[in-house]
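Chain by chain, the residues:
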Amino acid sequence: MNKLNNNSSFPATKIDISSHAFSMQDIQTLEIFLAIAVFIMIHSLRQKKYHGLPVWPIVGMFPSLIFGLRKNIHEWLTTTVIHQNGTFYFKGPWFSNVHGVVTSEPRNLEYLLKSNFSNFPKGDYFRNILKDFLGDGIFNADNDTWQKQRKTASIEFHSAKFRQLTVDSLLELVHQRLIPVLEEESLKKCEPIDLQDVLLRLTFDNVCMIAFGVDPGCLSLGLSEVPFACAFEQATEATVLRFLTPTCIWKTMRYLNIGVEKKLKESITGVNKFADEVIRTRKKELALEDDISKHKSDLLTVFMRLKDENGNPFSDKFLRDICVNFILAGRDTSSVALSWFFWLLDQHPHIEEKILEEICRIIRERDVGELKKGPVIFRPEEIKKMDFLQAAISETLRLKYDLIASHSIIYVKTSKVAEDDVFPDGTVLKKGTNIIYTIYAMGRMEAIWGKDCREYKPERWLKDGRFMSESAYKFTAFNGGPRLCLGKDFANYQMKFVAASIMYRYHVKVAKNHPVEPKFALTMYLKHGLKINLIRRDEAQLHKYLRVKC
Ligand code: HEM
């Protein structure tokens, strides 16, 4: 040491102190780190053997979930569930409620959604998160409260009057608002527009017309902000954050009225203010009993004319909950699906070509004179005949759709076991277990869709050129059993009508280098929207398909 000190250009005392400190502290620290590393290694190796995902003390499988959330949660969940042959047990932190069986096995889904439906209610976790915003509306209700709304709404959704309302309101929105907005945007040749935003405005206005019987006017030239729509959007986004926040934390924030909970409260107040005003006005209109009010067939009017089990009219709060729930159900589902549809078409030009051929073949059945008369407006019976378009939209939903429903922290749909049970695949379910199923993963399972499951292939839905629907327990985008999406037929009609009306007039080109990734929201939005340029189809191009002489 002395020799070293003598030869060194550094002062001897300094070297002595630092090397002593190094050996004392660092060996201890190293020992601790080494012990932790060995523990982690042994622990993860042991856990992997049983569950596929490491289970840590206190936090359970949460680190793996955080890892998944940082990357692409949909793909992470898909890989995990496939690796586990369709079903696995997810264990969250001990202080949370995030535990449960994750499944993507169609037999289990059929059992849960249909065969033993009554044993799988939505449960408190999901209901508590959504209660402030959705109250006791259909999405958030179980048992009698759900059944009462479902029955009435179901009769209404299948009535001729209501169907006419949906057809008329959509026709008006597409031809008087959507096409003029797109036309204006197409003239600004270089600037791309966000098609997702435009479609969200369209479906928001449309579902408000159906639920409330009023048009908030979100989709209009200039695309200005509408306070009710903004409040609705903010309330939805703030509610979704509760899925990512431990219950005790968001409840404390709500109590103290701070942060995102304060924003949520303010936006819910905005939504309620609008709804209460509509309800007040409608009551006055109905009291007049004039011709206009007699012919109204929106959901609010229908429920206002009914009485509860005691013969009393429904309370304003109950009426508000019903409408808000329907708006949530129909606000972004179809528009987000349509946005992914146009993105997929951009990637698969031969599919766009086939759809255009089909649309023009159907129009060709009209009189030549009629075709030359004015703008083409598709009729319901023509939309019905568009099998290839229906197949391309269903294929989009299979590959690009996911939804947070019921109580869960991830893009999934869940229920809670009411009594001990066993899934058809042998998974034992203790009373109170959360059941989580992932719509996105189910669309990508080789076991369900075959080796080409990741390819966009509308043809898989066609038999002899006709569209064939799939079992609701394999294709779960619209749910199945007694809680099958009430708006399924309407949504399909809406998506086909909008897609055909746009495609007939424009080629939709996704802007160069536009980033595309999913967003963590109630429905699987495109995180950065869908920036597109519209290229007007010229007559020569259309005539190629229409084969008519000008
Ligand atoms: C692409 C479009 C759509 C998709 C993929 C879709 C999907 C779904 C799914 C998965 C559920 C089950 C949610 C749950 O139980 O937690 C559901 C329920 C529901 N949907 Fe849709 N939906 C769409 C469009 C619509 C539209 C446009 C409306 C209304 C105008 C609507 C109305 C409803 C209602 C009322 C429920 C609740 C049914 C109940 O709980 O009994 N949906 N939908």
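Please refer to the structure placed before this passage.
Residues numbered from 1 in each chain as written. Predicted model: local features only at pLDDT ≥ 70, side-chain atom pairs only at ≥ 80, totals over all residues. Heavy atoms only, no water.

### Let's talk about the overall build of the protein
Part 1 of the argument: Within the protein one finds 24 helices and eleven strands.
Part 2 of the argument: Scored against the burial criterion, the 550 residues of the protein give a buried share of 51%.
Part 3 of the argument: Contacts in the protein between residues at least 24 apart in sequence constitute 70% of all its contacts with a sequence separation of at least 6.
Part 4 of the argument: Counting only carbon and sulfur atoms, one obtains 58% of the accessible surface of the protein, whose full area is about 27,000 Å². (Helix = DSSP H or I, 4+ residues; strand = E, 2+ residues; numbered from the N terminus. Buried < 20%, exposed > 50% of the residue type's maximum accessible area, 1.4 Å probe, protein only. Contact = heavy atoms within 4.5 Å. Areas by Shrake-Rupley, 256 points an atom, 1.4 Å probe, with all protein chains shown as cover.)

### Here we look at the site of the ligand
Part 1 of the argument: In the vicinity of the ligand lie 26 residues, with Lys122, Trp146, Arg150, Arg483 and Cys485 positioned nearest.
Part 2 of the argument: Note that an oxygen atom of the ligand is positioned 2.6 Å from one of the side-chain N or O atoms of Lys122.
Part 3 of the argument: Between the ligand and the protein, one listed contact pairs an oxygen atom with a side-chain N or O atom of Asn479 at 3.5 Å.
Part 4 of the argument: Taken together, the elements giving at least two residues each to the shell around the ligand come down to helix H7 (143-157), helix H15 (316-331), helix H16 (333-347) and helix H23 (488-505). (Near = heavy atom within 4 Å. Polar contact = N/O pair within 3.5 Å; in protein donor to acceptor, adjacent residues only side chain to side chain.)

### Details of the coordination of the iron atom of the ligand
Part 1 of the argument: For the iron atom of the ligand, the protein contributes exactly one donor atom, Cys485 (SG), at 2.3 Å.
Part 2 of the argument: Its location among the elements puts Cys485 in the loop between strand S9 (466-467) and H23. (Donors = N, O, S within 2.8 Å, 3.2 Å for Na, K, Ca; no water.)

### Quick look at the environment of Lys114
Part 1 of the argument: Considering the arrangement of structural elements, one finds Lys114 in helix H5 (residues 106-115).
Part 2 of the argument: The spacing of Lys114 and Gly481 is 367 residues in sequence and 4.6 Å in space, taken between C-alpha atoms.
Part 3 of the argument: In this structure Lys114 touches Leu109, Tyr473, Gly481 and Pro482, once residues within four positions along its chain are discounted.

### Things to note about the pattern of salt bridges
Part 1 of the argument: Evaluation of the coordinates by the stated rule reveals 39 salt bridges.
Part 2 of the argument: When the shortest N-O distance is used, the salt bridge between Arg366 and Glu382 registers 2.8 Å. One end of the pair, Arg366, is in the loop between helix H17 (349-364) and helix H18 (368-373); the other, Glu382, is in helix H19 (residues 380-384), and 16 residues separate them in sequence.
Part 3 of the argument: For Arg366, a relative accessible area of 11% corresponds to the buried category.
Part 4 of the argument: The partner of Glu395 in a salt bridge is Arg398, with the nearest N and O atoms 2.9 Å apart. Note that Glu395 and Arg398 are positioned in helix H20 (residues 387-400) at a spacing of three residues, about one turn of the helix.
Part 5 of the argument: Because the salt bridges share partners, they merge into one network encompassing Glu395, Arg398, Asp452, Lys457 and Arg460. (Salt bridge = Lys/Arg side-chain N within 4 Å of Asp/Glu carboxyl O.)

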